[in-house]
Amino acid sequence: MSLQLRLFGGGQTAAGKINASNDGSHAIDKSKVLAQTNALVITPNNPGNFSSIRSVPVVPEPRYFTKEEADAMKGKALEKTDGARQSKRAYKSLAKIEVADKTVHQQHRKYEGAVSVNELGKKRADAGLAKKLHSMRPGYARLGLGIDKADSDARTRIDAIKAKLTGGSN
């Protein structure tokens, strides 16, 4: 089998054969990489609804207000002013939480990058050892054949000695 076929063909999974995990292919799905972390996150593909808040209806034309209406609006204004102050504090805290979440996310991705880079380094070391071991196979084969030949020669000599001592019968 040619080197090119062994490297890029077949996707075989038998021991020692090239499989899909090491033939240069990948399973990186761009849509997953670029997917929102939450369906409500605002992105160019999900611009939000541009809603606003309106605590009181718009007054469409000039008008006079009664004392009761003015007092009620003053109370509502105080309530909304305090609510705005509390909302400002809450949104500021939410923004800080988002920054913290982003930092954790970024650090986790850096960690995952380090893990994947080091995994590649480990696999390179494993591949280097596998190549080294394969290069040693002929030497071991020679040693094994030498041992087999020595065993065979010894048996032949032993058989010859037995034959000589026993007069040819075992």
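Procedures and definitions
Residues numbered from 1 in each chain as written. Predicted model: local features only at pLDDT ≥ 70, side-chain atom pairs only at ≥ 80, totals over all residues. Heavy atoms only, no water. Helix = DSSP H or I, 4+ residues; strand = E, 2+ residues; numbered from the N terminus. Buried < 20%, exposed > 50% of the residue type's maximum accessible area, 1.4 Å probe, protein only. Areas by Shrake-Rupley, 256 points an atom, 1.4 Å probe, with all protein chains shown as cover. Salt bridge = Lys/Arg side-chain N within 4 Å of Asp/Glu carboxyl O. Expected span 1.5 Å × (residues − 1). Bend = angle between axes of the 7 residues up to and from the residue. Phe/Tyr/Trp six-rings, centres within 6.5 Å; stacked < 30°, edge-to-face > 60°. Lys NZ or Arg CZ within 6 Å of the ring centre and 35° of its normal. 1 Å grid on protein atoms, 1.4 Å probe; cavity = no way out; pocket = protein on both sides within 12 Å on 5 of 7 lines; lining within 4 Å. Points joined across faces, edges and corners; volume = space filled by probe spheres on them. Nonpolar A, V, L, I, M, F, W, Y, C, P; charged D, E, K, R; others polar. pLDDT = per-residue confidence, 0-100.

Quick word on the overall build of the chain
Scanning the chain for helices and strands turns up three helices and zero strands. When its helices and strands are written in sequence order, the chain yields α-α-α. The 170 residues of the chain split such that 1% are buried. Entry remark: accessible area of the chain is about 15800 Å², with carbon and sulfur atoms responsible for 60%.

So, the pattern of salt bridges
On inspection of all chains with the given rule, the structure shows seven salt bridges. With its nearest N and O atoms 2.6 Å apart, the salt bridge here joins Arg109 to Glu112. Within this pair, Arg109 and its partner Glu112 are both found in helix 3 (residues 67-166), separated by three residues, close to a single helical turn. Overall, Glu112 belongs to the partly exposed group, its relative accessible area being 34%.

Observations concerning helix 3
The first and last C-alpha atoms of helix 3 sit 139 Å apart over 100 residues, in line with the 148 Å expected at 1.5 Å per residue. Along helix 3, the sharpest change in direction is near 35° and occurs at Arg137; proline Pro138 comes one to four residues later. Gly167 occupies a position one or two residues after helix 3 and carries a positive phi of about 80°.

So, the packing of aromatic side chains
This model, assessed by the stated rule, comprises zero aromatic pairs. The residue whose ring lies beneath Arg63 is Phe65, and the NZ or CZ to ring-centre distance is 4.1 Å.

What about the layout of surface pockets?
In this structure, the second largest pocket encloses a volume near 390 Å³. Lining of the second largest pocket is provided by Ala35, Gln36, Thr37, Leu40, Val41, Ile42, Glu98, Asp101, Lys102, His105 and Arg109. Of the residues belonging to the lining of the second largest pocket, the class tally is four nonpolar, three polar and four charged.

Some points on the confidence of the model for the chain
Averaged over all residues, the pLDDT of the chain is 88; the fraction at 70 or higher stands at 85%. Within the chain, helix 1 (residues 3-8) has the poorest average pLDDT of any element, 52, and helix 3 the best, 96.

Remarks on unusual backbone geometry
With a phi angle near 55°, Phe50 is a residue other than glycine that sits in the positive phi range. The topology assignment puts Phe50 in the loop between helix 2 (30-33) and helix 3.

Topic: the environment of Met73
With respect to the element layout, Met73 can be found in helix 3. Separated by 17 residues in sequence, Met73 and Val56 place their C-alpha atoms 9.1 Å apart.

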